[in-house]
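For reference, the chains in residue letters:
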Protein chains: 2
Amino acid sequence: MTVLERLAALRALMQQYELTAYIVPGTDPHASEYMAPHWMEMSWISGFLGESGTAVITMDKALLWTDSRYYLQAEAELQGSTFELMRESDVDCPSITEWLNSQLSTLNSPLSIQIGVNPEMYSINGYRDMRDELAESGIQLVSKDLIQPIWTENRPPIPMNPLYTYSDQFAGASVPSKLARLREALREKRCDALVVAELDEIGWLLNIRGTDVDYTPCVVAYCVVEMQRCTLFINPHKVSATDADILHNQGVELQPYEAIYTYLPTLQAQKVLMDGNRVNEALYEAYMQVPDRKVLVVTPSPLQVMMSVKNEVQLDGLRAAMRRDAVALTRFFRWLETEALQSPQTEVTLANQLHAYRAMGQSFTDESFGTIAGWNANGAIVHYAAKPDSCAPIEGNGVLLLDSGGQYLDGTTDITRTVWVGDPSAIPAQLKHDFTLVLKGHIALAKARFPKGTRGNQLDVLAHQFMWAEGITYGHGTGHGVGHFMGCHEGPANIRTDNNPNPIRLGNVFSDEPGIYRAGKYGIRIENLVATRQAAATAHTTGETYFEFETLTLCFYDTRLIDRKMLTADEVAWINTYHAWVEKEITPLLATSEAAYLHTKCLPI
Amino acid sequence: MTVLERLAALRALMQQYELTAYIVPGTDPHASEYMAPHWMEMSWISGFLGESGTAVITMDKALLWTDSRYYLQAEAELQGSTFELMRESDVDCPSITEWLNSQLSTLNSPLSIQIGVNPEMYSINGYRDMRDELAESGIQLVSKDLIQPIWTENRPPIPMNPLYTYSDQFAGASVPSKLARLREALREKRCDALVVAELDEIGWLLNIRGTDVDYTPCVVAYCVVEMQRCTLFINPHKVSATDADILHNQGVELQPYEAIYTYLPTLQAQKVLMDGNRVNEALYEAYMQVPDRKVLVVTPSPLQVMMSVKNEVQLDGLRAAMRRDAVALTRFFRWLETEALQSPQTEVTLANQLHAYRAMGQSFTDESFGTIAGWNANGAIVHYAAKPDSCAPIEGNGVLLLDSGGQYLDGTTDITRTVWVGDPSAIPAQLKHDFTLVLKGHIALAKARFPKGTRGNQLDVLAHQFMWAEGITYGHGTGHGVGHFMGCHEGPANIRTDNNPNPIRLGNVFSDEPGIYRAGKYGIRIENLVATRQAAATAHTTGETYFEFETLTLCFYDTRLIDRKMLTADEVAWINTYHAWVEKEITPLLATSEAAYLHTKCLPI
């Protein structure tokens, strides 16, 4: 089927159901960061293969909204599709609901206009927001999956890869203990059931992992936790008899994946908790189709909060994973500096080599996201993804921004280093200035000490302050939560300028990654992971509990890029202490020649 | 009437209206910071004269909630009243609604329990929150003023002081221009009327001032702004014929104060805007008693935002007021250091002397709040108010915390300085350490530069960071908004740890006042006012608009209290630049001997 044929088939169904428009978002039923091909309905209907976008189809128009990262790709891929590109990063681009309201308003018409969506693809909150915005123009939202009946040919199946159970030795907490804590949290909210749709949450709660999507070791399933029962809804072919036994012994019953939609209407509960941002609207509707049912929609759910708090076993695992990650990075940077450029290299060959070094490490399973290797001007594109046929060759002098991470059984890593490649005497003063501004912010956040209850938006300025003083900023967050052998990005707390109300909790792991991007020239980002721990009392302490960050990442900064006179004595001391620690921790894991290289990179400044 | 007789009279009315409890809060109908005696219903019913508290009366109990500032005073004043003191700062003290819910729950009773309140004394939001919390136990809130019928004897009248019109020369904007901007803001919110109850807002909008309450030059009134009409509800005896003419010529009509309650039911509007935190519930109910009426309850209202943005005339006025304030402060500190202690002094005599120096300044009308003069241990009591008969004598060596401000026709000031009194060689190292931590935070906030859209909660850490690093904090906000010849505390933005969503706007004036308090020893607070202005672009700027703070306050810090080795070179330079500026600005306004004193205080460190 061509895109034109798909559109014709969809419009025939829209006519049958009296829908004036149909919306196909680039999402899945599990609020996933990385989607399985089965759910790529937006790409299927439009032909646009970018990771982010939403298609809107009326009887005579087809539009695709996407952001500036994908403008060029979308223009190419939408050729001949009749889809019109809506450039949503442009200030004058209407939002989807604004466009629908202005095009289809029926406020002066006696007939109600109906727009269809697949409710599986919207979170409860996302669906409500859209419904309310459309209601302003008298437009009604209708839940109806029109893609399933027409995408019958060559649709990839829902992932069928087997799950595997994840040892308490890594998780640091048994499934029964997690279920007990979760049930206690539900009681506190006067609820007696929880619906879980996000795959990270299910994996964390039930100590299961899988390979169903890229980068995040999760397994496609739903879960419903009741006070006396916990049910995992999963394709039975994914669960071996052994794993089924293990799950059963931990108090987890199995039902087929699709059975959640018949289970929810029969669920016996006083009040069900659902995370408004992570449970899809179809599940909500399935439960609410029975009269007099009570749901508490909150975000984040207690499960999100529990998952974000890493225990000591998880943190010890992560510290060990960090050492292996650092060995790979040290080998990679040594290779880059001493051998790599004897043969032609590109952004992609560098990323592949780093992957190869990581893969030598014990318990490595995958990268934790697609490596961003940006050479010179490409480094200034924040979400750059080098492609083999279009990526930049590494030639001459320049700056390499390298953002990468690994999934290890004992932890998830995420690190960015920005390094100079070539003749160090050619490093421009402006580059050193920018690098040092970023490094100062990175250090200030790493050194932060703050009372319990502090939110990330209170600390963000520590990373921004030095560049803000010069009128420079960056268009991404300063720090995201990081899962444990799970999603590289997780909630609920983070370190951003947004007014996120979630406090930083003991055991939260965050990235610390300020940056400066000079369009057409280079990008600089410096990123470590840090864990939140209790700070020791000082002689002056007045009684409150204080937290601080423990730096977890173990890799030198490129000190050739530092403008030393911009640093305070405290900052110099911090860098030297960090480098001494890196050398001490990693040297025993290296060959002699590698250790000698590391030593030169960790010399005091 | 005694308190016991008042309680008996109230209970008789409660019985008549079938109310199980009655709540008397220490508030007024205008969300005022400083109340007129007429509205001190809580003090009248309980005998407790503190500024903050709420009385709850049932048929057999009387309780008074107040915070730890007032525990001693309340214990004394409630003697023999049958009132039980509820210490609301104690962690185990139930809130009023918690207590009512636990004592009076009727969830298992067929009869509904009703609790009465005077809706004039609650904001719309405050009333809604209480109603919703009580509804959890099946308790119903009833709007009914039971104090008015029984407080007939010696009740102070509603303030009758005349208003005066305030010149555009000070206000920098005419009433018609403000009304036009406000109406435009209402249109943007699809509203066509605004109800105004806060006296600061009325004074700002209509360029009127008065002397109805302490410290804030406001006049008791209500106001309703419609698209073609603006009505000031005010006792006609408060308005001279001349001022009535001026108001009339500016498009403002007059009606009696109480007439707002008959006006609102007749108001012809599509949708009325009310500030949920500043309009009282009685006004809301008066408007909503007619069916099918539409209200948009928001906070802050556009009026709050407009008022917080000072224009150049206001800022120039404030800069001039600051110079006169600085002359008074310089004279005061010289007197304190050279003459005062030749005769006995107390916290109160010092405050009086400072008031006298300020009163010599042109356009001074009043203090902007009650001076806090805290000697040694009293300085550690954040809201300390010295009383003539109990205040501390200034004797020996010690620390004086002095927080004070003036109302001048051209601006409102608010400044805190902490100074050493006595032999400088006796200054303890710990005191210097604490003082320098506070000063470092004060400077870091003053130097902040940040993109448009930044909120105060993002900047707060700059003031806290150095003391947090040592496990020290303070129990008050870092910065509050400051009105222009109006309330010393205003919204909507501020600089606190709270998640206040309001961004800092150009022209906003804030205090910058970190502190450290050592119970039983001393308090340190250092406070300047700053104005938000646009920052000049730098060589590195990438295009966004940046703001910075202009320091307005002109008074030296006590450099004897500085531990210089804790300061960075940038901080030392900032202090020296500040002191040079203070000396340059104020010297021309001083007598020679005063200038010589100032010179010694402004010497570079």
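Residues numbered from 1 in each chain as written. Chains lettered and ligands numbered in written order. Predicted model: local features only at pLDDT ≥ 70, side-chain atom pairs only at ≥ 80, totals over all residues. Heavy atoms only, no water.

A. Structural view of the relation of the copies chain B and chain A. It takes a turn of 180 degrees to lay chain B on chain A, together with a shift of 0.0 Å along the axis; the resulting RMSD is 0.1 Å. In short, the pair behaves as if placed about a two-fold rotation axis. When C-alpha distances to the rotation axis are compared across chain B, the minimum falls at Q458 of chain B, with a value of 2.3 Å. A share of 100% of interface residues in chain B that are also interface residues in chain A marks the association as one of identical surfaces. (Least-squares fit on C-alpha atoms with pLDDT ≥ 70 in both. Contact = heavy atoms within 4.5 Å.)

B. Representation of the nonpolar core in the model. Residues F333, L336 and F549 of chain A together with F333, L336 and F549 of chain B are the most contacted members of the largest nonpolar core, which totals 180 residues. Look past the residues within four positions of F549 of chain B in its chain and what remains in contact with it is L445, A446, A448, F450, L459, I495, I504, F510, V530, A531, T532 and R533 of chain B. Ranked by size, the runner-up nonpolar core spans 82 residues in total, among them L100, L179, I234 and F369 of chain B. (Core = buried A, V, L, I, M, F, W, Y, C linked by side-chain atoms within 4.5 Å. Buried < 20%, exposed > 50% of the residue type's maximum accessible area, 1.4 Å probe, protein only.)

C. The arrangement of the interface of chain B and chain A in detail. Across the boundary between the two partners, chain B contributes 32 residues, which contact 32 residues of chain A. Across the chain B to chain A interface the summed buried area is about 2700 Å²; carbon plus sulfur atoms make up 48%. Among the residues of chain B in contact with chain A, W468, N499 and H540 of chain B are the three that bury the most area, contributing 24% of the side total. Across the contact surface, chain B and chain A share 13 residue pairs in polar contact (both at pLDDT 80 or more). (Buried area = accessible area lost by both parts, 1.4 Å probe. Polar contact = N/O pair within 3.5 Å; in protein donor to acceptor, adjacent residues only side chain to side chain.)

D. Region of the structure containing the pairing of strand 3 (residues 62-66) of chain B. All names here are of chain B. Across the five residues that make up strand 3, a large majority, five, are buried. What you see with strand 3 is no split at all: A62, L64 and T66 on one side and L63 and W65 on the other are buried throughout. Pairing between strand 3 and strand 4 (residues 83-87): five bridges, direction parallel. Paired with L63 across the bridge in strand 4 is E84. Between strand 3 and its parallel partner strand 4, the chain crosses via helix 3 (residues 71-77), and the hand of that crossover is right-handed. (Helix = DSSP H or I, 4+ residues; strand = E, 2+ residues; numbered from the N terminus. Pairing = 2+ DSSP bridges. Right-handed = clockwise from strand over helix to strand, strands pointing away.)

E. How the structure looks around the pattern of salt bridges. All names here are of chain A. According to the stated counting rule, one finds 55 salt bridges over all chains in the structure shown. Here E594 ties to R331 by a salt bridge, and the two come within 2.9 Å at their closest N and O atoms. You can see E594 sitting in helix 18 (residues 592-601) and its partner R331 sitting in helix 13 (residues 312-338), a full 263 residues away along the chain. For E594, a relative accessible area of 11% gives the class buried. Overall, R331 belongs to the partly exposed group, its relative accessible area being 24%. (Salt bridge = Lys/Arg side-chain N within 4 Å of Asp/Glu carboxyl O.)

F. Quick look at the environment of E136 of chain B. Residue and element names in this part refer to chain B. Of note, E136 is situated in the loop between helix 5 (124-135) and strand 6 (139-143). Looking at E136, the relative accessible area reads 54%, which means it is exposed. Spatially, the C-alpha atoms of E136 and T97 are 9.9 Å apart, while their sequence positions differ by 39 residues.

G. Local environment of the confidence of the model for chain A. Per-chain confidence: chain A averages 96 in pLDDT, with 99% of residues scoring 70 or above. Model confidence for the complex: the whole-complex pTM is 0.93, and ipTM, which rates the interface, is 0.90. (pLDDT = per-residue confidence, 0-100.)

H. Representation of a negative patch on the surface. All names here are of chain A. Residues E98, D129, E133 and E136 make up a contiguous surface patch of negative charge. Relative to the helices and strands, D129 resides in helix 5 (residues 124-135). Judged by its relative accessible area of 45%, D129 falls in the partly exposed class. (Patch = residues over 30% accessible without salt bridge, like charges linked within 9 Å, V, L, I, M, F, W, Y side chains within 5 Å. Areas by Shrake-Rupley, 256 points an atom, 1.4 Å probe, with all protein chains shown as cover. Lys, Arg positive; Asp, Glu negative; His and termini not counted. Charge placed at Lys NZ, Arg CZ, Asp CG, Glu CD.)

I. Molecular detail of the side chain of T330 of chain B. Relative to the assigned elements, T330 of chain B resides in helix 13 (residues 312-338). Ignoring any residue separated from it by four or fewer positions in sequence, one finds T330 of chain B in contact with I586, L590, Y597 and L598 of chain B.

J. A look at the environment of E544 of chain B. Summarising the element assignment, E544 of chain B is placed in the loop between strand 27 (528-534) and strand 28 (546-551). Considered as a pair, E544 of chain B and E136 of chain B are 408 residues apart in the sequence and their alpha carbons are 48 Å apart. Contact partners of E544 of chain B, with chain neighbours within four places excluded, come to T473 of chain A together with P451 of chain B.

K. Geometry of the packing of aromatic side chains. All names here are of chain B. Counted according to the given criterion, the structure contains 42 aromatic pairs over all chains. Consider the rings of Y166 and F170, whose centres lie 5.7 Å apart with planes at 25 degrees: the pair is stacked. For the pair formed by Y166 and F170, the shared burial category is buried. When the centroid spacing of 6.3 Å and the interplanar angle of 85 degrees are considered together, the rings of F450 and F547 count as edge-to-face. Of this pair, F450 sits in strand 21 (residues 449-451) while F547 sits in strand 28, and the two are 97 residues apart along the sequence. Judged by relative accessible area, which is 0%, F450 ranks as buried. (Phe/Tyr/Trp six-rings, centres within 6.5 Å; stacked < 30°, edge-to-face > 60°.)

L. Seen up close, the sheet that holds strand 13 (residues 272-275) of chain B. All names here are of chain B. Here six strands make up an open sheet; going across it, the order is 12-11-10-8-13-14 and the pairing mixed. Among the strands making up the open sheet, the edge pair consists of strand 12 (252-255) and strand 14 (295-298). Each strand axis lies, on average, 20 degrees off the axis of its neighbour in the sheet, ignoring direction. The pairing of strand 13 with strand 14 spans four bridges and is parallel. Residue pairing across strands places L273 opposite L296, the latter belonging to strand 14. Its contacts with the sheet put helix 7 (residues 175-188) on strand 8 (193-196), strand 10 (222-226), strand 11 (230-233), strand 12 and strand 13, and the angle it makes with strand 10 is roughly 65 degrees. Across the sheet, helix 8 (residues 199-206) is in contact with strand 8, strand 10, strand 11, strand 12 and strand 13; its angle to strand 10 comes to roughly 55 degrees. (Axes fitted to C-alpha atoms, helices over the stretch in contact; angles between N-to-C directions.)

M. View of the packing of helix 13 of chain A against helix 14 (residues 347-359) of chain A. All names here are of chain A. Where helix 13 meets helix 14, the axes come as close as 8 Å, and the angle between the chain directions of the two elements is 140 degrees. The angle between the axes of helix 13 and helix 14 places the two elements in the oblique class. The handedness of the crossing between helix 13 and helix 14 is right-handed. Contacts between helix 13 and helix 14 involve D325, A328, L329, R331, F332, W335 and L336 from the first element and L350, Q353, L354, Y357 and R358 from the second. Looking at the contact of helix 13 with helix 14, its residues break down into eight nonpolar, one polar and three charged. (Parallel < 35°, antiparallel > 145°, perpendicular 65-115°, else oblique. Left-handed = near helix turned anticlockwise from the far one by under 90°. Nonpolar A, V, L, I, M, F, W, Y, C, P; charged D, E, K, R; others polar.)

N. Examining the sheet that holds strand 15 (residues 364-367) of chain A more closely. Residue and element names in this part refer to chain A. With antiparallel pairing, the three strands of this open sheet are ordered in space as 15-18-19. The sheet is open, and its two edges are formed by strand 15 and strand 19 (411-412), each paired on a single side. For strand 18 (residues 406-408) and strand 19, the ladder comprises two bridges, and the chain directions are antiparallel. Bridge assignment links Q407 to a residue of strand 19, and that residue is T412. Lying on the sheet, helix 13 is in contact with strand 18 and strand 19; it crosses strand 18 at an angle near 130 degrees. Of the strands in this sheet, strand 15 and strand 18 touch helix 14, which is tilted by about 160 degrees from strand 15.

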